[in-house]
Amino acid sequence: MRIANLSGRLVLIHHRKAIDVADASAGLFAPDPQAVYDRWQEFTAWASSVELPDGAAFDERDLGAPVPAPRQVFAIGLNYREHAAESGFAVPDTLPPVFTKFGTAITGPVAEVALPPGGHTDWEVELVAVIGKRAHHAEPSWEHVAGLTAGQDLSERITQLAGPAPQFGLGKSFPGFAPMGPWLVSPDEFANPDDLELGCSINGEEMQKGRTRDLIFSIPALIAKLSRVLPLLPGDVIFTGTPAGVGIGRDPQRWLAPGDELVSYVEGIGELRQTFVEGAN
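Bear in mind the structure is a predicted one, so any value in this text is a computation, not a measurement. (Residues numbered from 1 in each chain as written. Predicted model: local features only at pLDDT ≥ 70, side-chain atom pairs only at ≥ 80, totals over all residues. Heavy atoms only, no water.)

A.B. asks: What am I meant to see in the nonpolar core here?
C.D. replies: Nonpolar side chains in soluble globular proteins tend to end up buried together. Core analysis: the biggest nonpolar cluster contains 73 residues, and Ile 3, Tyr 37, Phe 43, Leu 148, Ile 223 and Ile 238 have the highest contact counts within it. Broken down by element, the residue count for this core peaks at six residues, all from strand E10 (residues 125-131). The residues touching Phe 43, leaving out its near neighbours within four places in the chain, are Met 1, Ile 3, Leu 10, Leu 12, Val 21, Phe 29 and Val 36. (Core = buried A, V, L, I, M, F, W, Y, C linked by side-chain atoms within 4.5 Å. Buried < 20%, exposed > 50% of the residue type's maximum accessible area, 1.4 Å probe, protein only. Helix = DSSP H or I, 4+ residues; strand = E, 2+ residues; numbered from the N terminus. Contact = heavy atoms within 4.5 Å.)

As structure tokens, this is what we get:
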């Protein structure tokens, strides 16, 4: 199953056409894309048992984030060995670094992003997991996952690394710095949801390419570790970490510039496409 946020309404994606859920369910489910996660089991049972109407063509520029207003956004650092090495950090052994991206950074899969003036804005393609069932003190399992989507953990490195302690949350939360999409794909759509290719390019030049089988902490392991500290709620988002190839790890270092086009992908899900413009002072 694939769901998306089309102009602020929840839709099912079938044969690359959109079916409005509120209309197809005769109002059983609300049009709000975020609300469906609180009724995820009921929704999936309905979607698998009804004959769906024909969908309508749509423009991907009208897609918003499939999880537009999560209560909690978790972002995982140093979750690929080669990325930890290029960042100059030791590989985490028992618990990865965890930070957040604030909700106002969330945007859809196709967006224009203003670069913070004087900043060093970097790219980090990531597989994103979305919670569909409350988890607290959970065992490692896929049962709590509603689905997967593609994400970019855009990062302004000067802000991120400023001060007596790093400002990860602020440096990674400028407007447009958390694009997700183009839709949410349920785990059963993948031959192996633990082994997906992901990558990104700038102006057609490949920057990152990796596989999620190389995650140090898998999605089920992350759910278990996070839920030992606090409950994970339906609709919560986990950015699972980025492979090697980011700008800060290059020699010379490289940053996004006005006019750049960043295209990111995750196998079996689809693409994100961000274009960058100069931000106002």
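A.B. asks: Where do I start with the layout of surface pockets in this structure?
C.D. replies: The probe, sized like a water molecule, is rolled over the atoms to show the empty space still left. Computed from the structure, the largest pocket encloses a volume of approximately 310 Å³. Lining the largest pocket are 22 residues, with Ser 87, Phe 89, Arg 157, Gln 160 and Phe 168 sitting closest to its centre. Residue assignment for the lining of the largest pocket shows that the elements contributing at least two residues are helix H3 (81-87) and helix H4 (157-160). Per element, the largest residue contribution to the lining of the largest pocket is three residues, and it comes from H3. Here the residues of the lining of the largest pocket sort into eight nonpolar, eight polar and six charged. Its boundaries defined by the atoms lining it, the second largest pocket holds a volume of some 250 Å³. Surrounding the second largest pocket, 13 residues form its lining, Met 1, Arg 2, Leu 12, Ser 186 and Glu 189 being those nearest its centre. Mapped onto the lining of the second largest pocket, the elements with two or more residues apiece are strand E2 (9-14) and helix H2 (40-49). (1 Å grid on protein atoms, 1.4 Å probe; cavity = no way out; pocket = protein on both sides within 12 Å on 5 of 7 lines; lining within 4 Å. Points joined across faces, edges and corners; volume = space filled by probe spheres on them. Nonpolar A, V, L, I, M, F, W, Y, C, P; charged D, E, K, R; others polar.)

A.B. asks: Hey, could you run me through helix H6 (residues 219-227) in this one?
C.D. replies: It helps to recall that an α-helix has 3.6 residues per turn; residues three or four apart then point in one direction. By the criterion of burial, H6 is predominantly enclosed, with seven of the nine residues buried. For H6, the elements touching its buried residues are strand E5 (73-76), strand E6 (98-99), E10, strand E11 (145-152) and strand E16 (237-239).

A.B. asks: Looking at this structure, how should I read the pattern of salt bridges?
C.D. replies: Oppositely charged side chains can pair when the atoms bearing their charge come close. Throughout the structure, instances matching the rule amount to 20 salt bridges. Linking Arg 16 and Glu 60 is a salt bridge whose minimum nitrogen-to-oxygen distance equals 2.7 Å. A residue pair is termed long-range when its members are at least 10 positions apart, and Arg 16 in the loop between E2 and strand E3 (17-20) and Glu 60 in the loop between H2 and strand E4 (63-64) qualify at 44 residues. Classification of Arg 16 as exposed rests on a relative accessible area of 55%. Its relative accessible area of 27% is what places Glu 60 among the partly exposed residues. Measuring nitrogen to oxygen at the nearest pair gives 2.6 Å for the salt bridge that ties Lys 101 to Asp 153. Residue Lys 101 is located in the loop between E6 and strand E7 (106-107), and its partner Asp 153 is located in the loop between E11 and strand E12 (155-156); the two are separated by 52 residues in the primary sequence. The residues Lys 101 and Asp 153 share a single accessibility class, namely buried. Connected via shared salt-bridge partners are Lys 101, Asp 122, Glu 124, Asp 153, Arg 157 and Lys 172. (Salt bridge = Lys/Arg side-chain N within 4 Å of Asp/Glu carboxyl O.)

A.B. asks: Help me out: how do you make sense of H2 in this one?
C.D. replies: Trp 40, Phe 43, Trp 46 and Ala 47 are the residues of H2 that are buried. What you see down the axis of H2 is that its buried residues fit within an arc of 130°, all on one side. Exposed residues on H2 whose side chains face more than 90 degrees from its buried face are Ser 48 and Ser 49. Considering only its buried residues, H2 is in contact with strand E1 (2-6), E2, helix H1 (21-24), E11 and strand E13 (178-185). (Arc of directions from axis to C-beta.)

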